Amino acid sequence: MKINERGISLPGMAIALAVMAIILVSLAQQRVRAANELAGRSIGGSLNELGRAVELYRTTHLATLTGAQPVTVDGFADPYAPTTAELQVAGFLAPAVNMSAADYSIALARSPVGCVAPANDPCTVWSRTSPVAPILNPDGTVPADRLNALVARITSANASFSGPPNTATISGGGGSWVIANPDPAARPGIVVLVNGLGGAGEPWLRVGDTRNPDFRGPSVTGTQFDTAHKTPGEACTPQGAFASAANGIVLCNDGVWTIYSGQIVVGGTACVTQGAMGVTAAGASLMCINSQWRDHLTLGYQGSNYYVHGAIVDRPACGIGLTPVATVATVAASAMIGANNPGNNTGSFEASVDPATWTVSITGSTGVQAGGGAKALILTACTAS
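What you see is a predicted model; the values in this text were computed from it and never measured. (Residues numbered from 1 in each chain as written. Predicted model: local features only at pLDDT ≥ 70, side-chain atom pairs only at ≥ 80, totals over all residues. Heavy atoms only, no water.)

Enquirer: Quick question: what am I supposed to make of the state of the cysteines here?
Expert: Note: disulfide means a covalent bond formed between the sulfur atoms of two cysteine side chains. Tallying each qualifying case throughout the model produces four disulfides. Disulfide partner of Cys-271: Cys-288, at an S-S distance of 2.1 Å. Linking Cys-271 and Cys-288, the disulfide has an S-S dihedral of approximately 90° and is accordingly described as right-handed. Remark: Cys-288 occurs in strand β12 (residues 285–289) and Cys-271 occurs in the loop between β10 (263–264) and β11 (277–279); sequence separation between them is 17 residues. Here Cys-271 and Cys-288 have matching classes, each one buried. Two residues, Cys-318 and Cys-382, share a disulfide whose sulfurs are 2.0 Å apart. Around the S-S axis, the bridge from Cys-318 to Cys-382 shows a dihedral of about -85° and counts as left-handed. With Cys-318 in the loop between β14 (300–308) and β15 (323–332) and Cys-382 in strand β18 (residues 375–383), this pair connects stretches of sequence that are 64 residues apart. (Disulfide = S-S within 2.5 Å. Helix = DSSP H or I, 4+ residues; strand = E, 2+ residues; numbered from the N terminus. Buried < 20%, exposed > 50% of the residue type's maximum accessible area, 1.4 Å probe, protein only.)

Enquirer: Please clarify how the pattern of salt bridges should be interpreted in this entry.
Expert: Oppositely charged side chains may form a pair once their charged atoms are brought near each other. Applying the stated rule across the entire model yields two salt bridges. A salt bridge links Glu-55 to Arg-58; the nearest nitrogen and oxygen atoms lie 2.8 Å apart. Taken together, the positions of Glu-55 and Arg-58, both in helix α1 (residues 10–60) and three residues apart, correspond to about one turn of that helix. Its relative accessible area of 17% is what places Glu-55 among the buried residues. Residue Arg-58 is classed as buried on the basis of its relative accessible area of 1%. Taking the shortest distance from any N to any O, the salt bridge between Arg-187 and Asp-183 comes out at 2.9 Å. On the accessibility criterion, Arg-187 (35% relative accessible area) is partly exposed. We classify Asp-183 as buried; its relative accessible area is 8%. (Salt bridge = Lys/Arg side-chain N within 4 Å of Asp/Glu carboxyl O.)

Enquirer: Help me understand the pairing of strand β17 (residues 360–364), please; the structure alone is not making it clear to me.
Expert: Looking along a regular strand, one sees the side chains alternate between the two faces of the sheet. Taking burial as the measure, the five residues of β17 include four buried ones, the bulk of the element. Inspection of the sheet shows strand β16 (residues 349–353) paired to β17 by five bridges, in the antiparallel sense. Opposite Phe-349, over in β17, you have Gly-364 as the bridge partner. Hairpin geometry of β16 and β17 is characterised by an intervening segment of six residues between the two adjacent antiparallel strands and by a positive phi of about 60° at Trp-358. (Pairing = 2+ DSSP bridges.)

Enquirer: Help me understand the sheet that holds strand β6 (residues 191–195), please; the structure alone is not making it clear to me.
Expert: Sheet strands line up and pair through hydrogen bonds in the backbone, either parallel or antiparallel. Read from one edge of the open sheet, four strands run β1-β2-β6-β3, paired in antiparallel fashion. Sheet topology places β1 (104–111) and β3 (158–161) at the edges, where each strand pairs with a single neighbour. Taking each pair of neighbouring strands and ignoring which way they run, the sheet shows an average axis angle of 20°. (Axes fitted to C-alpha atoms, helices over the stretch in contact; angles between N-to-C directions.)

Enquirer: It is not clear to me how the nonpolar core should be interpreted in this structure. Could you clarify?
Expert: Among soluble globular proteins, nonpolar side chains are generally buried collectively. Membership of the largest hydrophobic core comes to 17 residues, with the highest contact counts inside it found for Leu-50, Tyr-57, Leu-65, Leu-87 and Leu-108. When residues in this core are grouped by element, the largest group, four residues, is from α1. Not counting residues up to four positions away in its chain, the partners in contact with Leu-50 are Thr-84, Leu-87, Leu-93, Met-99, Tyr-104, Ile-106 and Thr-129. Grouped together as the second largest cluster of nonpolar side chains are 11 residues, Tyr-307, Ala-311, Ala-374 and Ala-376 included. (Core = buried A, V, L, I, M, F, W, Y, C linked by side-chain atoms within 4.5 Å. Contact = heavy atoms within 4.5 Å.)

Enquirer: Could you clarify how one ought to interpret the pairing of β18 in this entry?
Expert: Bridge analysis of β14 against β18 gives eight bridges, and the strand direction is antiparallel. Each bridged residue has a counterpart across the sheet, and for Tyr-307 the counterpart in β18 is Ala-376. Pairing of β15 with β18 involves nine bridges; the strand directions are antiparallel. Bridge pairing in β18 links Thr-323 to Thr-383.

Enquirer: What is the right way to read the side chain of Arg-110 from this model?
Expert: Examined against the element boundaries, Arg-110 turns out to sit in strand β1. Despite its burial, Arg-110 pairs with no opposite charge; the closest candidate is Asp-78, at 10 Å N-O. Reaching out from Arg-110, the side chain makes a polar contact with the backbone oxygen of Thr-66 at a distance of 3.1 Å. Here Arg-110 is in contact with Leu-65, Thr-66, Gly-67, Gln-69, Val-71, Tyr-80, Cys-115, Val-116, Thr-124, Val-125 and Trp-126, once residues within four sequence places are set aside. (Lys, Arg positive; Asp, Glu negative; His and termini not counted. Polar contact = N/O pair within 3.5 Å; in protein donor to acceptor, adjacent residues only side chain to side chain.)

Next comes the structure, spelled out in structure tokens:
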């Protein structure tokens, strides 16, 4: 019996080896990409912390950095080029983060160039944070996998890197900003973190901000007045200021905090709801009395005093829409007996106040001036006539 022997031909073996080589190369490339992505995420995490620190420094000192020259910030030799060490001492960067000042380049600049707030509007400051050394493959090429993973890890700023076809400039923010490569040799693989340009502008106001908010809507609302609570009746300044009270809003009027619950109105104009409260644009508190906006703080009784015949009554100062009036409350008179007495001794006395001159008159029943000891108690008030 004859047995047929079979083997593998040389061409078949060559094809098999080629397939195996392709598979091995593919696996190696996948491992390289995975290693690059892992390295990128690690570098990105560290850079992200630095980016957060620079952004916090930038926004904290924005008003100072956009103000008049020369600009100084305590603890920073150059306010526009803070170092990692200075950021750590100032509390912007955690002390445990190990970042040598020599390994990173941090720079801030005004935008537009040379602007000064508030004279120039808008005027802001943008920042650029960058490792000094580029991130490259051993052969000098750009490791796109590693850099893309690095950029994806950044949450504190717009991040990008230099690469072909033009390494002299770096763009980011979806094309909203383009800056020069901070590397003197304009090498590829230079990573930058940018804040304050393009989509990272300053649409909000901060404490100490020099910009005019210029609200264009019909009203500005908020959940509360961000001030310490004031107590109605306490002294205040300046006139017309608003603040929070425990159970409402208070208005500073005539040096006293007063509960405010009215609309902005014009004194002396018509109103509808009797007793409704309002306030003028200058801060004077008004009330709707007899269909007209009138001052409610001076409304009613103002004072009382005794006056002799011929005296002038003190006229009260009345607010918007009010008229001063004087009313005789009572008369105290004396009867002077004797041949030389010039006074009236009839025993019946009356008093009046001249509406034009506010001169007091005290006479007897015959119309003659009462005795020298006669006095009238006059009440003054402001009324809505």
